[in-house]
Amino acid sequence: MELRAYRGEADLRSLVDVVNSAALADTNEGRTDVEELRSDLSRPDIDQEQGIAVAEAGGLVTGFVFTMVNDSPTGTPTVHVGLRSRPESSAELDLPLIQFALKGAQEIARQRRRPVEVLLPVNDTRIDRVTVMNELGFEVARYFFRMRAPLDPAPMKCVGPEGYHVRSLSDESELIRWVELFNESFIDHWHFIPQTISQATHFALHDPNYCPDGDLVAVAPDGTFAAFCQCVIRKNENEQTGRFDGWMSLLGTRCVLRGLGLGRMMLGAGMNYLRSRGMKAVHLGVDAANPTGALSLYESFGFAVTHRRIAFVKYVAC
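Residues numbered from 1 in each chain as written. Predicted model: local features only at pLDDT ≥ 70, side-chain atom pairs only at ≥ 80, totals over all residues. Heavy atoms only, no water.

Participant: What is the right way to look at the pairing of strand 9 (residues 225–232) in this model?
Facilitator: Here is the key point about a regular strand: its side chains alternate between the two faces of the sheet. With eight of its eight residues buried, strand 9 lies for the most part within the structure. Here six bridges tie strand 8 (residues 210–219) to strand 9, and the two strands are oriented antiparallel to one another. If you follow Asp215 over to strand 9, its bridge partner there is Gln230. Linkage of strand 8 to strand 9, two consecutive antiparallel strands, is achieved through a turn of five residues, within which Gly223 is found at a positive phi near 95 degrees. When strand 9 meets strand 10 (residues 245–253), the two strands line up antiparallel, connected through six bridges. Bridged to Ala227 within strand 10 is Thr253. (Buried < 20%, exposed > 50% of the residue type's maximum accessible area, 1.4 Å probe, protein only. Helix = DSSP H or I, 4+ residues; strand = E, 2+ residues; numbered from the N terminus. Pairing = 2+ DSSP bridges.)

As structure tokens, this is what we get:
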């Protein structure tokens, strides 16, 4: 087995096969396609030349890893790691792939003359990968739940504070206001990393699962963006699985406006949107220790935990 540089378009089909083979072995792993993975790997916070490595053995691509570097308000840069490998050989492949990410983090720490935090999420069903993380000195920092709720045939009422209304973003010109709303909604969450205009624009323009009319905001009487909910439909995955699943990829309320019922209004609006698009169920992710009471809100709407993801963290010195 060897690790080599990412070859762009020439590699995409093989990397899709890696992701989907893992999903066949473990239904908690997501599927992808060429268009979606192309968008994911071309994000502005991924170094196309230094931040992606591909594992190959006997001419077969067996796994890959990518890193995203983000500056944290705490001053400690964070290297987010995405790791994929074929299930039949993941135990032996994970070690060099993670070591590649750690080596990149060491170089970043050296350049910036400060420690770097490496963050890698793992489904708790991947016992082999959890074992490797422990062996490499990573520590469990947080647990996240994936939750699912069925969508009833009848739409639900979405009543919010007087004077507030829900609408879709009109166009790209509103992304500046949306990014401000995102950052003020999540600033007190664990491991908050500010969203940037370039990241939001990349997703809106290039992700094939993005639903422009499902990018919903609650507007206050004075025109301020107060809360938001971003709905996603992974069409290719639904076609492969025969399901009609939608995703609530983001849901948040501006900190100073919490407690007014905006989160409940936006959750209902998002579920109604996905229902109107023919979806039968909705999925979302939530921090198990979320300080805003999001978990109880989701449970009141019929969401139940399907599986857990473990956020592993390791600090790399400069």
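Participant: Is there a simple way to explain the nonpolar core in this structure?
Facilitator: Formed by 34 residues in total, the largest nonpolar core has its most connected members in Leu267, Met271, Tyr298 and Phe303. Secondary structure elements with two or more residues in this core: strand 6 (139–150), strand 8, strand 9, strand 10, helix 8 (262–276), strand 11 (281–287) and helix 9 (294–300). No other element matches the eight residues that helix 8 contributes to this core. Contact partners of Phe303, with chain neighbours within four places excluded, come to Met147, Arg148, Ala149, Leu267, Met271, Val282, Leu284 and Tyr298. (Core = buried A, V, L, I, M, F, W, Y, C linked by side-chain atoms within 4.5 Å. Contact = heavy atoms within 4.5 Å.)

Participant: I tried to follow the environment of Tyr298 on my own but got confused; where do I start?
Facilitator: Here Tyr298 shows up in helix 9. With a relative accessible area of 7%, Tyr298 lands in the buried category. For the pair Tyr298 and Arg277, spaced 21 residues apart in sequence, the C-alpha to C-alpha distance is 21 Å. Setting aside chain neighbours within four positions, we find Tyr298 in contact with Met147, Leu251, Leu267, Leu284, Val286 and Phe303.

Participant: Help me out: how do you make sense of the pattern of salt bridges in this one?
Facilitator: Note that side chains of opposite charge can pair when their charged atoms are close. In this structure the tally under the stated criterion is 19 salt bridges. Asp94 serves as the salt-bridge partner of Arg129, at 3.0 Å between the closest nitrogen and oxygen. Highlighted residues: Arg129 in helix 4 (residues 127–135) and Asp94 in helix 3 (residues 90–112), separated in sequence by 35 residues. Note on Asp94: relative accessible area 0%, which makes it buried. Across the pair Arg277 and Asp213 runs a salt bridge whose closest N-O atoms are separated by 3.5 Å. Taken together, the positions of Arg277 in the loop between helix 8 and strand 11 and Asp213 in strand 8 put the pair 64 residues apart, joining distant regions of the chain. For Arg277, a relative accessible area of 34% translates into the label partly exposed. Using a relative accessible area of 39% as the deciding quantity, one classes Asp213 as partly exposed. (Salt bridge = Lys/Arg side-chain N within 4 Å of Asp/Glu carboxyl O.)

Participant: Looking at this structure, how should I read the sheet that holds strand 7 (residues 165–168)?
Facilitator: Adjacent strands of a sheet form backbone hydrogen bonds with each other and so pair up, either parallel or antiparallel. If you walk across this open sheet you meet the twelve strands as 1-2-3-4-5-12-6-11-10-9-8-7, and the pairing is mixed. Of all strands in the sheet, those with a lone pairing partner are strand 1 (2–5) and strand 7, marking the two edges. Averaged over all neighbouring strand pairs, the angle between strand axes comes to 25 degrees, with direction disregarded. Across four bridges, strand 10 lies against strand 11 in parallel orientation. Of the residues in strand 11, the one forming a bridge with Gly246 is Val282. Running over the sheet, helix 5 (residues 175–186) touches strand 7, strand 8, strand 9 and strand 10 and is turned about 100 degrees from strand 9. (Axes fitted to C-alpha atoms, helices over the stretch in contact; angles between N-to-C directions.)

Participant: Help me understand the state of the cysteines in this model?
Facilitator: Two cysteines, two sulfur atoms, one covalent bond between them: this is a disulfide. Evaluation of the coordinates by the stated rule reveals zero disulfides. Free of any disulfide, Cys211 has its nearest neighbouring cysteine sulfur in Cys231, separated by 7.4 Å. When its relative accessible area of 5% is taken as the criterion, Cys211 is described as buried. (Disulfide = S-S within 2.5 Å.)

Participant: What should I look at first to understand the packing of helix 3 against helix 4 in this one?
Facilitator: Two quantities define a packed helix pair, namely the angle between the helix axes and the distance between the axes. Packing of helix 3 against helix 4 leaves a shortest axis separation of 9 Å and a crossing angle of 40 degrees. Taken as axis vectors, helix 3 and helix 4 run oblique relative to one another. In this structure, helix 3 meets helix 4 at a crossing whose hand is right-handed. Contacts from Ser90, Ala91, Asp94, Leu95 and Ile98 of helix 3 reach helix 4 at Asp128, Arg129, Val132 and Met133. Looking at the contact of helix 3 with helix 4 residue by residue, the class counts come to five nonpolar, one polar and three charged. (Parallel < 35°, antiparallel > 145°, perpendicular 65-115°, else oblique. Left-handed = near helix turned anticlockwise from the far one by under 90°. Nonpolar A, V, L, I, M, F, W, Y, C, P; charged D, E, K, R; others polar.)

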